[in-house]
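# Architecture at a glance
Here is what each chain is made of, one letter per residue.
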Amino acid sequence: MPGVWIFAEKKDLAQELLTIGRELASPIGVKVTAIVPDQGDQGDIYIAGGADEVVLLSPLAEDMSLDAWLPVIAAEAKKADPDLILLAATARGKDFAARLAARLETGLCSNCIALHREENGTIVMERLAYGGAAVQQVTCPTRPVIATIPPRTFAPAPADHGRLGEIRKLPPPPPSPVRVIARKTKERSSQDITEAKAVICVGRGMEKQEDINIARQLADLVGGEVGCTRPISEELHWLPDDLCIGLSGVQVKPDLYIGLGVSGQIQHVTGIRGARVICAVNKDENAPIFQAADLGIVGDLYDVTPKLVEELQKATGR
Ligand SMILES: Cc1cc2nc3c(=O)[nH]c(=O)nc-3n(C[C@H](O)[C@H](O)[C@H](O)COP(=O)(O)OP(=O)(O)OC[C@H]3O[C@@H](n4cnc5c(N)ncnc54)[C@H](O)[C@@H]3O)c2cc1C
């Protein structure tokens, strides 16, 4: 029986995947199954979010890795035979998806930004190629089709508590040859720019590290966070890597993005496409960022930014 599966470790990611899972399942009347860790909430939330069936995975022991669930999920997939499995394109999700695809001897399309079903049933997946300059369409001749989707690509569906569905549990995973011997927290900046409502992006047009303070001032006034281009984090080490926006960094989806001294190369613009309003301050009127921007100011950021700060202070009374 064809059907759509979604698998995610985190509730919010599972809810996002349910949105696209539902979209692909409803037109052909097949079931959406959410495979999620058993966190004691009994899965009602996933049924309200669009799942017809929730399959709960037993919690893993402290020394077990995510891989321990692989044989259980692969065996279930062989039995249920879904035609599509969606996972979140997090570091762990992508790793897991590749292992699952290998076990099921099928293909995997990573970082899909859109998916649709053709009339003949073929699932077409879209992903960015050539550093974001082109969109590639991918189909997979083997079954099931497996795809990973970057977080925040789809909004979670509004909860419908009237929906009905089935909830069941899978058996605990068998002993795994992989043992987790230590867990270390990755050093991160305290801000999460992927969730920010406004992002002020510092580009190479900024001359000194201490000048980032003017971007911070602007960010505080608009209730946002500071992000940066790759040269600022990777080459100059002025800001941590997790604030780098773009192809090799994070994707942001704020209501407002302001680029200060950002040229707007495609690898950066790829990470800001989801922003509702893009503003740019650049002294070069031919800078590519102006092609992506809704509002552009041609000028020196050292003249323009203090003026923006002053106007916002007047407007907000701060
Ligand atoms: C495989 C690959 C992956 C990449 N991934 C990423 C990524 O994820 N994110 C990313 O950002 N980049 C990425 N890059 C790098 C990317 O190609 C660009 O080099 C980078 O985005 C440029 O950063 P920038 O705009 O800060 O610097 P620059 O390109 O040097 O631009 C600086 C801009 O500031 C302007 N300027 C200078 N002084 C002032 C001033 N006083 N006032 C106003 N404007 C001023 C200039 O006119 C210029 O347009 C990647 C590259 C590759 C090859």
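The present account deals with the structure reproduced in this document. Each chain has its residues counted from 1, following the order in which its sequence is written. Note on the predicted model: pLDDT of at least 70 is required for a residue's local features to be given, and 80 or more for side-chain atom pairs to be given and counted; whole-chain, interface and lining totals, by contrast, use all residues.

## Looking at the overall build of the protein chain
To be explicit about the condition: Segments assigned H or I by DSSP are reported as helices when at least four residues long, segments assigned E as strands when at least two residues long, and all are numbered from the N terminus. Every C-beta atom is placed from the backbone, and the number of other C-beta atoms within 10 Å of a residue's own sets its class: buried at 20 or more, exposed at 12 or fewer, partly exposed in between. C-beta atoms are first placed from the backbone for all residues, and any pair lying within 7 Å is then listed as a contact.
When its secondary structure is counted, the protein chain shows nine helices and 15 strands. For the protein chain, the C-alpha atoms occupy an extent of roughly 65 × 50 × 40 Å along the three principal directions. The 318 residues of the protein chain split such that 38% are buried. In the protein chain, the proportion of contacts linking residues at least 24 apart, taken out of those at least 6 apart, comes to 61%.

## Considering the sheet that holds strand β5 (residues 108-109)
Counted only if it meets this: Strands were regarded as paired on the criterion that DSSP finds at least two bridges between them. In this description, a line fitted to the C-alpha atoms serves as the axis of each element, helices being fitted only across the stretch in contact, and the angle between N-to-C directions of two axes falls anywhere from 0 to 180 degrees.
Spatial strand order, β5-β9-β4-β1-β2-β3-β10: seven strands in an open sheet with parallel pairing. The open sheet has two edge strands with one neighbour each: β5 and β10 (166-169). Bridging between strand β4 (residues 84-88) and strand β9 (residues 145-149) involves five bridges; their strand directions are parallel. Counterpart to Leu84 in the pairing with β9 is Val145. Packing of helix α4 (residues 91-103) onto the sheet brings it into contact with β4, β5 and β9, and relative to β9 it is tilted by some 175°.

## Digging into the site of the ligand
Which entries qualify depends on this criterion: Any residue whose C-beta atom, as set from the backbone, lies within 6 Å of a molecule or strand is reported as near that molecule or strand. Think of it as three bins: nonpolar holds Ala, Val, Leu, Ile, Met, Phe, Trp, Tyr, Cys and Pro, charged holds Asp, Glu, Lys and Arg, and polar takes everything else, Gly as well.
Around the ligand, the structure places 28 residues, and the nearest of them are Gly203, Arg204, Gly205, Gly246 and Ser263. Mapped onto the shell around the ligand, the elements with two or more residues apiece are α6 (230-235), α7 (266-269), β14 (277-282) and α9 (301-316). Here the residues of the shell around the ligand sort into nine nonpolar, 14 polar and five charged.

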